[in-house]
Amino acid sequence: SKLAAPATQRSALSAPAPPSASSFATDASAITVSALANSAAANPGLSASSLLSSLLRLQRACGRWDPTLELQVLLGIPPSSKKAASPREATALALAALETQHAARAATWELVARKARLW
């Protein structure tokens, strides 16, 4: 028979529940390159390097980005937007931000972007 892992190990092994798509309020079709370019203005305390690191940190191991409030803020999308986005839309927006805001550091994120596109 199989032995069960102790409760402390079981909780460490179980994946956290993904955030609700409704926490990412945006109309993806309304997001433009100029809106993405404003994320630095929406995050005045963060350098471009910090914004990039924060964006890359949010990517899941499978390659996608989840539609979270943190991602929304990093992308400069107003929290008051109403339409919920899917992980697919969140991933597309994150990729657009990488390509427009962080093009000069493409060597840093190109493999991350490739994994996201394959997802």
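## Quick notes on the environment of L58
Reasoning step 1: Among the secondary structure elements, L58 is positioned in the loop between α4 (48-57) and α5 (69-74).
Reasoning step 2: Between the C-alpha atom of L58 and that of E70, which follows or precedes it by 12 residues, the distance is 8.4 Å.
Reasoning step 3: Excluding residues within four positions of it along the chain, L58 makes contact with R64, W65, E70, L71 and L74.

## Some points on helix α7 (residues 106-118)
Reasoning step 1: The terminal C-alpha atoms of α7, which comprises 13 residues, lie 17 Å apart, in line with the 18 Å expected from a rise of 1.5 Å per residue.
Reasoning step 2: Along α7, the positions that sit buried rather than exposed are W109, A113 and A116.
Reasoning step 3: Considering only its buried residues, α7 is in contact with α4 and α6 (87-101).

## Quick word on α4
Reasoning step 1: Every buried residue of α4 is listed here: L51, L52, S54 and L55. Taken end-on, α4 shows its buried residues confined to a sector of 165°, consistent with a single buried face.

## Some points on the packing of aromatic side chains
Reasoning step 1: A full pass over the atoms with the stated rule returns zero aromatic pairs.
Reasoning step 2: For the cation-ring pair, R88 lies above W119, with the distance from its terminal atom to the ring centre recorded as 5.7 Å.

## Some details on the pattern of salt bridges
Reasoning step 1: With the rule as written, the count across this model stands at four salt bridges.
Reasoning step 2: Ionic pairing is found between E70 and R57, a salt bridge with its closest N-O pair at 2.7 Å. Taken together, the positions of E70 in helix α5 and R57 in helix α4 put the pair 13 residues apart, joining distant regions of the chain.
Reasoning step 3: With its nearest N and O atoms 2.2 Å apart, the salt bridge here joins E99 to R117. On the criterion of sequence distance, the pair formed by E99 in helix α6 and R117 in helix α7 is long-range, its members being 18 residues apart.
Reasoning step 4: What emerges from the salt-bridge pattern is a single network uniting R60, R64 and D66.

## Concerning the confidence of the model for the protein chain
Reasoning step 1: Averaged over all residues, the pLDDT of the protein chain equals 73, while 59% of them reach at least 70.
Reasoning step 2: The element-level mean pLDDT for the protein chain is lowest in helix α1 (residues 7-13), coming to 45, with α7 highest at 94.
Reasoning step 3: Throughout residues 8-35 the model reports pLDDT below 50, and contacts reaching past four residues in sequence, or to other chains, amount to 48 contacts.

Analysis parameters
- Residues numbered from 1 in each chain as written.
- Predicted model: local features only at pLDDT ≥ 70, side-chain atom pairs only at ≥ 80, totals over all residues.
- Heavy atoms only, no water.
- Helix = DSSP H or I, 4+ residues; strand = E, 2+ residues; numbered from the N terminus.
- Contact = heavy atoms within 4.5 Å.
- Expected span 1.5 Å × (residues − 1).
- Buried < 20%, exposed > 50% of the residue type's maximum accessible area, 1.4 Å probe, protein only.
- Arc of directions from axis to C-beta.
- Phe/Tyr/Trp six-rings, centres within 6.5 Å; stacked < 30°, edge-to-face > 60°.
- Lys NZ or Arg CZ within 6 Å of the ring centre and 35° of its normal.
- Salt bridge = Lys/Arg side-chain N within 4 Å of Asp/Glu carboxyl O.
- pLDDT = per-residue confidence, 0-100.

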